[in-house]
Amino acid sequence: MAFDLSQKEDPDLRSEAECFPDIDPGIEVAGDRVLVQLRREKAKSKGGIILVDETRQTLRFNETVAKVRQIGPLAYKSPDTLEPWIEGPWCQVGDLVRTIKYGGDRFVVNPDDDGSPVVFITIQAREIISRIKSFEHAQKMKAFVD
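Attention here is on the structure that accompanies the text. Computed from a prediction, not measured in an experiment: that's the story for all the values here.

Reading guide: rules and limits
- Residues numbered from 1 in each chain as written.
- Predicted model: local features only at pLDDT ≥ 70, side-chain atom pairs only at ≥ 80, totals over all residues.
- Heavy atoms only, no water.
- Helix = DSSP H or I, 4+ residues; strand = E, 2+ residues; numbered from the N terminus.
- Buried < 20%, exposed > 50% of the residue type's maximum accessible area, 1.4 Å probe, protein only.
- Lys, Arg positive; Asp, Glu negative; His and termini not counted.
- Salt bridge = Lys/Arg side-chain N within 4 Å of Asp/Glu carboxyl O.
- Contact = heavy atoms within 4.5 Å.
- Pairing = 2+ DSSP bridges.
- Axes fitted to C-alpha atoms, helices over the stretch in contact; angles between N-to-C directions.
- Core = buried A, V, L, I, M, F, W, Y, C linked by side-chain atoms within 4.5 Å.

**Overview of the side chain of Glu127**
Moving on, step 1. Of note, Glu127 is situated in the loop between β5 (118-124) and β6 (128-131).
Moving on, step 2. Buried and unpaired, Glu127 has Arg126 as its nearest opposite-charge partner, separated by 4.8 Å.
Moving on, step 3. In this structure, Glu127 is in contact with Thr99 and Ile100, ignoring residues within four places of it in sequence.

Structure representation (structure tokens):
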């Protein structure tokens, strides 16, 4: 499915804190890896219908909008010299990014707030596809399935 920012559909009106709750992943990323937290799936449709678990799980694992939580010490550095890449790092901790749909090491953390589980992915630094300019832009971006 193609991604179209010019869509006239309603944006995701949840706050950034609701989409990306501050949850300890329980790990520290190593090497040239980046740890991202996927946007938490919605519990209700735009019309207010509570989504069934199967639909929520589909949304959870089709998501590609993420928040950078950790960057490994070797990320965005030459493997030979450990000098920083000429163009610099592709992202910083706290940036909103789009990442690969498949791959990486995905794991789920169940939060204490009784909300939906939170999915983290440990990926290679080069698997950050793009940075998202603002949370407002991220609100307009859909997962592959909505």
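From this point, things continue past the structure.
**Remarks on the sheet that holds β6**
Moving on, step 1. Strand order in the open sheet made by the 6 strands is β4-β5-β1-β2-β3-β6, with antiparallel pairing throughout. Looking along the sheet, the strands with just one partner apiece sit at the ends: β4 (105-109) and β6. For this sheet, the mean angle separating the axes of adjacent strands, direction not counted, is 40 degrees.
Moving on, step 2. Where strand β3 (residues 96-99) lies against β6, 3 bridges are found, and the strand directions are antiparallel. For Val97, the partnering residue across the bridge sits in β6 and is Arg131.

**Here's the deal with the nonpolar core**
Moving on, step 1. Core analysis: the largest hydrophobic core is formed by 15 residues, its most contacted members being Val34, Val36, Tyr76, Val97 and Ile128.
Moving on, step 2. Sorting the residues of this core by element identifies β1 (33-38), β2 (65-71) and β5 as the ones contributing at least two each.
Moving on, step 3. In this view, Tyr76 contacts Val34, Ile71, Glu83, Pro84, Trp85, Pro89, Trp90, Cys91, Ala125 and Ile128; residues no more than four positions away in its chain are not counted.
Moving on, step 4. By size, the runner-up hydrophobic cluster in this structure holds 8 residues, among which are Phe20, Val65, Ile132 and Phe135.

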